[in-house]
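Residues per chain are reported as follows:
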Amino acid sequence: MKTPFISKEQLDKITVQFPTPFHLYDEKGIRETARAVNKAFAWNQGFKEFFAVKATPNPTILKILQEEGCGVDCATDVELLLSHKVGFDSSSISFTSNDTRPSEFVYAREIGATINLDAYEHIAFLEEVAGLPETVSLRYNPGGVFTLGTAIMDNPEESKFGMTKEQLFQGYKDLKAKGVRSFGLHAFLASNTVTNDYYPTLAAQLFNLAVEIKQELGISLDFINLSGGVGVDYTPADQQNDIALIGKGVHRVFDEILVPNGLGHISIYTELGRFMLASHGHLVTKVLHLKDTYRRYVGVDASAVNLFRPAMYDAYHHITNISNPDGKLQIVDVVGSLCENNDKFAKQRELPEARVGDTLIIHDTGAHGFSMDYNYNGRLRSAEILFQEDGTAQMIRRAETPEDYFATLYGFNFDE
Ligand SMILES: *Cc1c(COP(=O)(O)O)cnc(C)c1O
């Protein structure tokens, strides 16, 4: 069963200090997860987690992860700029982009980020626009479907990311001929997996490939990046991944495949976003209105602009009524104010009676939550608040104001 990371008394103090809605992050939980990930892979000398910045692009959060020894993975020049300004050094920034602009490769080279190429065609493009660095990683897409046992996990064949095996081998050959000296391999084959077998299965595939690359091309890879995809269980069943077991599983195939083939030096990298942060964020919102028609609607002061996943993917997010946890159960739709009927945080969900003014917690919003926010209907982005280890709250991003919303417009004077 899902429980909030904060007590009612602690949260009541914060909602007096800061108006809802806001995203709240749990510093203690973030640090614990980062430590658990580092511990799970401590057997690998060069291990590093490169947090996927897109999941939670807030400098304060990135600094916490930096203090825990993590690096960052960026997809765009602005994410690179953010990471650089936060103070990550070149060895702690990777750049996994696709459909990349020339200026982005130039900037990635300028700050020394490790470039992970999405396309075979990008080898020539990178060389032309920014020159080739000493180290290059290539992103693999095996095609077909990715399965664990009999379960189909995802469909790489339909994915725009990565390159074929032939392109991968040709790519390493080309790069080596052009003087590149250090090589990585990357693949992201399934999203939000809730199974301890995803990483070990993926790792075995990539490790076998590394052996083939060594045998065929005489290239010993320096690192293998298992990317993201280790997920969280958003449902109340709360059957979470066990990162210690996942680390052990990868260790086992490392010892089985890489070590006997003289590749025991390879560093393992991860680029987890969701697993690092999702469960350490709550979207905190208050009940504005109750409405009874063919259903009962609980109208809250957050909307899909503050958390897009339910509207976009029909994703389940657990909801706790922290003001009335023992209220009589009712079947309701929890909705925001957008002029779109998919603006629903819950559909026909059984919840303790919600009363006007109650505080609701929407769980697991720490990754791909605030970062997917938008401005539809003139709704503004919320604040982000850090619930610190000492029990105090610190605002780490203010809420937008109407002035922010109008700031980029020309041909109209807001002040007149
Ligand atoms: C989104 C993304 C990640 C993070 O994925 P999660 O599922 O949040 O762990 C990592 N690497 C790349 C290249 C991504 O696009």
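Cut-off values and rules
- Sequence order as written defines the numbering, with residues in each chain counted from 1.
- Whole-chain, interface and lining totals are the exception, using all residues; otherwise, since this is a predicted model, local features are given only for residues with pLDDT of at least 70 and side-chain atom pairs are given and counted only at 80 or more.
- In computing side-chain values, all of the structure's heavy atoms are included and hydrogens and water are not.
- At least two bridges found by DSSP between two strands is the condition for calling them paired.
- Numbering of helices and strands starts at the N terminus; helices are DSSP runs of H or I of at least 4 residues and strands are runs of E of at least 2.
- Orientation is described by lines fitted to C-alpha atoms, with helices fitted over the stretch in contact, and by angles between N-to-C directions that extend from 0 to 180 degrees.
- We call two residues contacting when some pair of their heavy atoms lies within 4.5 Å.
- The criterion for a residue being near a molecule or strand is simple. One of its heavy atoms has to lie within 4 Å of it.
- In protein, a polar contact requires one atom able to donate a hydrogen and another able to accept it; more generally it is a pair of N or O atoms within 3.5 Å, and residues adjacent in sequence count only if both atoms are side-chain atoms.
- Under the scheme applied, nonpolar residues are Ala, Val, Leu, Ile, Met, Phe, Trp, Tyr, Cys and Pro; charged residues are Asp, Glu, Lys and Arg; polar residues are all the others, including Gly.
- Only protein chains enter the accessibility calculation, which uses a 1.4 Å probe; a residue is then buried when its area is under 20% of its type maximum, exposed when over 50%, and partly exposed in between.
- By arc we mean the arc of the directions from the helix axis to the C-beta atoms, nothing more.
- UniProt positions are given in the numbering used here, feature names are shortened, and annotations may be inferred rather than shown by experiment.
- What makes a salt bridge here is a side-chain nitrogen of Lys or Arg within 4 Å of a carboxyl oxygen of Asp or Glu, nothing more.
- Roughly parallel here means an angle under 35 degrees, roughly antiparallel means over 145, roughly perpendicular means 65 to 115, and every remaining angle is called oblique.
- For any helix crossing, the convention is left-handed if the near helix is rotated counterclockwise from the far helix by under a right angle, and right-handed if that rotation is clockwise.

A. Highlighting the sheet that holds strand β2 (residues 48-52). The parallel closed barrel is built from eight strands, whose spatial order is β2-β3-β4-β5-β6-β9-β10-β11. Across the sheet, the mean angle from the axis of one strand to that of its neighbour is 25 degrees, orientation sign disregarded. Bridge analysis of strand β3 (residues 71-74) against strand β4 (residues 93-96) gives three bridges, and the strand direction is parallel. Counted as the bridge partner of D73 is S94 from β4. Relative to the sheet, helix α4 (residues 77-86) contacts β3 and β4, its axis offset from that of β3 by approximately 160 degrees.

B. Local environment of the site of the ligand. K54, E271, G273, R274 and H368 are the nearest of the 14 residues found near the ligand. In this structure, an oxygen atom belonging to the ligand sits 2.9 Å away from a main-chain N or O atom of G273. Its residues assigned to classes, the shell around the ligand comprises three nonpolar, six polar and five charged.

C. Representation of the side chain of R31. Along the chain, the position of R31 falls in helix α2 (residues 27-40). Residue class for R31 comes out buried when judged on its relative accessible area of 8%. Side-chain polar atoms of R31 contact the side chain of E67, separated by 2.7 Å. At 2.8 Å, the side chain of R31 forms a polar contact with the side chain of E68.

D. Structural context of α4. Inspection of α4 places E79, L80, S83 and V86 among the buried residues, and these make up the whole buried set. Down the axis of α4, the buried side of the element spans an arc of 130 degrees, and every buried residue falls inside it. Pointing more than 90 degrees away from the buried face of α4 are the exposed residues V78 and K85. Next to the buried residues of α4 lie α3 (59-67), β3, β4 and α5 (102-110). Looking one or two places after α4, you find G87, whose phi comes out positive at around 110 degrees.

E. Focus on the UniProt feature "domain: Orn/DAP/Arg decarboxylase 2 N-terminal" (unreviewed entry) in the chain. As annotated in UniProt, the feature "domain: Orn/DAP/Arg decarboxylase 2 N-terminal" (unreviewed entry) corresponds to residues 30-277 in the numbering used here. Segment residues 30-277 splits into 41% helix and 17% strand. End C-alpha atoms: 6 Å apart.

F. Structural detail: the pattern of salt bridges. All chains considered together, the criterion is met by 20 salt bridges. A salt bridge links D333 to R295; its shortest N-O distance comes to 2.8 Å. Separated by 38 residues along the polypeptide, D333 in strand β15 (residues 329-335) and R295 in the loop between β12 (281-292) and β13 (296-300) bring together distant segments of the chain. Look at D333 and you get buried, because its relative accessible area is 0%. Notably, a salt bridge pairs R397 with E384, separated by 2.6 Å at the nearest N-O pair. Within this pair, whereas R397 is found in strand β19 (residues 393-397), its partner E384 is found in strand β18 (residues 383-387), the two being separated by 13 residues in sequence. The class for R397 is partly exposed, based on a relative accessible area of 29%. We classify E384 as buried; its relative accessible area is 1%. In the salt-bridge network here, residues are joined through shared partners; they are E27, R31, R35, E67, E68 and E389.

G. Expanded view of the packing of α4 against α5. Between α4 and α5, whose axes approach to 9 Å, the crossing angle comes to 20 degrees. When the axes of α4 and α5 are compared, the pair comes out roughly parallel. For the pair α4 and α5, the crossing hand works out as left-handed. Together, D77, L80, L81 and H84 of α4 and S103, E104, Y107 and A108 of α5 make up the contact between the two elements. Grouping the constituent residues of the contact of α4 with α5 by class yields four nonpolar, two polar and two charged.

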